[in-house]
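An overview of the molecular structure
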There are 2 protein chains.
Amino acid sequence: MSRVRVHNFSVSLDGFATGEGQTLEEPFGHAGGRLHEWFFETRIFRAMQGKTGGAAGADDALARTWNEGVGAEIMGRNKFGPQRGPWEDHEWTGWWGPNPPFHTPVFVMTHHPRPSVEMEGGTTFHFIDATPEEVLRQAREAAGGLDVRIGGGPGVVRQFLAADLVDHMHVAVVPIVLGRGERLWDGLEGLEQRFDIESVTTPSGVTHMTFTRR
Amino acid sequence: MSRVRVHNFSVSLDGFATGEGQTLEEPFGHAGGRLHEWFFETRIFRAMQGKTGGAAGADDALARTWNEGVGAEIMGRNKFGPQRGPWEDHEWTGWWGPNPPFHTPVFVMTHHPRPSVEMEGGTTFHFIDATPEEVLRQAREAAGGLDVRIGGGPGVVRQFLAADLVDHMHVAVVPIVLGRGERLWDGLEGLEQRFDIESVTTPSGVTHMTFTRR
């Protein structure tokens, strides 16, 4: 059975996975790049940017598991872009340029469906207004037996956790206090009972937690 | 200059340092003992209970720094006991029995002062209605040049952090999602800018974070 996975999902000490005030310039609002500095330094991130170099330690090893064996991604509408409500700008095709790093079908959960958008490199964005269970069913079918990644943001990850649909989750706890934004853990009391949890702190100061469903 | 220190302060993944519903039987409310299991296994905790044995690894090493060089403690009224409002039960002298583990003056912050209570073993509880700065001044004087520990609960630690009065803080992040209770981090946006932060995960699964004031 294909697994449902969350990867490289960074949260602050106070549990925020994104800051307040998302804009075109600041996808993570007032958090800026602070939740992902550990990631920017890895070889895998640099490779995704077409660059060489970067650190090849534990941060990199954990980060680069994100795409192995994944055949589809599910993301929330706010991960896709800063527009809210009915789509006004159909030219917007995500933050990632003409060749997004997914290279699979990507299901964008939204109450405002629109036609699918085919990008370079194998990424196709589908827009779908459905329950987590139904979106997952379609993503699984599109993944052709491979795993499905829940790409975020926090609202979508939380929905899939609440519905007990997540098999594997990698969270990176970053030692900053964001104070405001959107929390990952709300409404998930007792989550630890459903997972084996392993934690490791790396020299970057980040604590990586892997949740493996029991 | 004597330092102001916080030790063995456990918080859940979602930032709660105590659960909801404190009672005489459950000082940490619905959290029960879950925030402190790592501590219960240490040699230092067992010694405080008059027992032998226990683990002598990193959890123990970090835990046992709590009392070294400390000459007074400041705690909140809710750490002292479950009563709220005017004191109705003057017989209550804390959760710790006739010989509390502090062995120093202890300043209990409360809007309802009452006479000091002298316990066995050198602990005296003073009840004081004052600002963090004023309580600290009195505690420093009582500590005779030694350090002052902020004992909790979360409201008191937060007040002292907000007032930038804390020099050293040891927080243990426990991989559970409590969902409700009292949070440590609220109102402390940007806290990391005032501290050097070191994190280490131990085999108990807890991530110890030490904050050293810059």
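The notes below deal with the structure included here.

Conventions adopted
Residues numbered from 1 in each chain as written. Chains lettered and ligands numbered in written order. Predicted model: local features only at pLDDT ≥ 70, side-chain atom pairs only at ≥ 80, totals over all residues. Heavy atoms only, no water. Least-squares fit on C-alpha atoms with pLDDT ≥ 70 in both. Contact = heavy atoms within 4.5 Å. Pairing = 2+ DSSP bridges. Helix = DSSP H or I, 4+ residues; strand = E, 2+ residues; numbered from the N terminus. Phe/Tyr/Trp six-rings, centres within 6.5 Å; stacked < 30°, edge-to-face > 60°. Buried < 20%, exposed > 50% of the residue type's maximum accessible area, 1.4 Å probe, protein only. Buried area = accessible area lost by both parts, 1.4 Å probe. Salt bridge = Lys/Arg side-chain N within 4 Å of Asp/Glu carboxyl O. 1 Å grid on protein atoms, 1.4 Å probe; cavity = no way out; pocket = protein on both sides within 12 Å on 5 of 7 lines; lining within 4 Å. Points joined across faces, edges and corners; volume = space filled by probe spheres on them. Nonpolar A, V, L, I, M, F, W, Y, C, P; charged D, E, K, R; others polar.

**Observations concerning the relation of the copies chain A and chain B**
- Of the transformation placing chain A onto chain B, the axial shift is 0.0 Å and the rotation is 180°, giving an RMSD of 0.0 Å. On this basis, the relationship between the two copies can be described by a two-fold rotation axis. No C-alpha of chain A lies nearer the rotation axis than that of Thr 201 of chain A, which sits 2.9 Å from it.
- A shared interface surface links the copies, since 100% of the contact residues of chain A are contact residues in chain B too.

**Description of the sheet that holds strand 8 (residues 168-174) of chain A**
All names here are of chain A.
- Pairing is mixed in the open sheet, where 9 strands are placed in the order 5-6-4-3-7-1-8-11-10. Either end of the sheet is taken by a strand with one partner, and the two such strands are strand 5 (117-118) and strand 10 (195-201).
- Pairing of strand 3 (residues 70-76) with strand 4 (residues 105-109), which is carried by 4 bridges, proceeds in the parallel orientation. Within strand 4, the position partnered with Gly 76 by the bridge is Met 109.

**A look at the packing of aromatic side chains**
- Summed over all chains, the structure comprises 26 aromatic pairs over all chains.
- On the basis of an interplanar angle of 80° and a centroid distance of 5.7 Å, the ring pair of Phe 195 of chain A and Phe 211 of chain A is categorised as edge-to-face. With Phe 195 of chain A in strand 10 and Phe 211 of chain A in strand 11 (residues 207-213), this residue pair connects regions lying 16 residues apart in the sequence. An identical accessibility class is assigned to Phe 195 of chain A and Phe 211 of chain A; each is buried.
- Note on Phe 40 of chain B and Phe 45 of chain B: the rings are 5.0 Å apart at their centroids and 50° apart in plane angle, and the pair reads as tilted.
- With a relative accessible area of 32%, Phe 40 of chain B lands in the partly exposed category.
- A residue is classified by how much of its surface remains accessible, and Phe 45 of chain B, at 17% relative accessible area, is buried.

**A short note on the interface of chain A and chain B**
- Every contact between the two is made by 28 residues of chain A and, on the other side, 28 residues of chain B.
- Here chain A and chain B share an interface that buries about 2000 Å² over both sides, 55% of which is from carbon and sulfur atoms.
- Scanning the region where chain A abuts chain B turns up 6 salt bridges.
- Linking Arg 34 of chain A and Glu 192 of chain B is a salt bridge whose minimum nitrogen-to-oxygen distance equals 3.5 Å.

**Focus: the pairing of strand 11 (residues 207-213) of chain B**
All names here are of chain B.
- With respect to burial, strand 11 is a largely interior element, 5 of its 7 residues being buried.
- In this structure, strand 10 (residues 195-201) lies alongside strand 11, joined through 7 bridges in antiparallel fashion. Residue pairing in the sheet places Val 200 in a bridge with His 208 of strand 11.
- Hairpin remark: strand 10 followed by strand 11, antiparallel, with 5 residues in the connecting loop; positive phi at Gly 205, about 95°.

**Let's talk about the environment of Phe 127 of chain A**
Residue and element names in this part refer to chain A.
- In this fold, Phe 127 is placed in strand 6 (residues 124-128).
- Residues Phe 127 and Gly 76, 51 residues apart in the sequence, show an inter-C-alpha distance of 9.7 Å.
- The contacts of Phe 127, once residues within four sequence positions are left out, are Phe 80, Trp 87, Val 108, Thr 110, Pro 113, Arg 114, Pro 115, Ser 116 and Val 117.

**Concerning empty space enclosed by the protein**
- All chains considered together, the criterion is met by 2 cavities of 30 Å³ or more.
- Within this model, the largest cavity holds a volume of roughly 90 Å³.
- Around the largest cavity sit 16 residues that line it, and Val 173 and Thr 207 of chain A together with Val 173, Thr 207 and Met 209 of chain B are the ones nearest its centre.
- Among the elements of the structure, strand 8 and strand 11 of chain A together with strand 8 (168-174) and strand 11 of chain B are those that each provide at least two residues to the lining of the largest cavity.
- Residues of the lining of the largest cavity, tallied by class, amount to 10 nonpolar, 6 polar and no charged.
- Each pocket or cavity is described by its volume, and for the second largest cavity that value is around 50 Å³.
- Around the second largest cavity, the lining residues are Val 11, Ser 12, Leu 13, Gly 15, Val 173 and Trp 185 of chain A together with Val 11, Ser 12, Leu 13, Val 173 and Trp 185 of chain B.
- Elements with a contribution of two residues or more to the lining of the second largest cavity: strand 1 (4-12) of chain A together with strand 1 (4-12) of chain B.
- Grouping the constituent residues of the lining of the second largest cavity by class yields 8 nonpolar, 3 polar and no charged.

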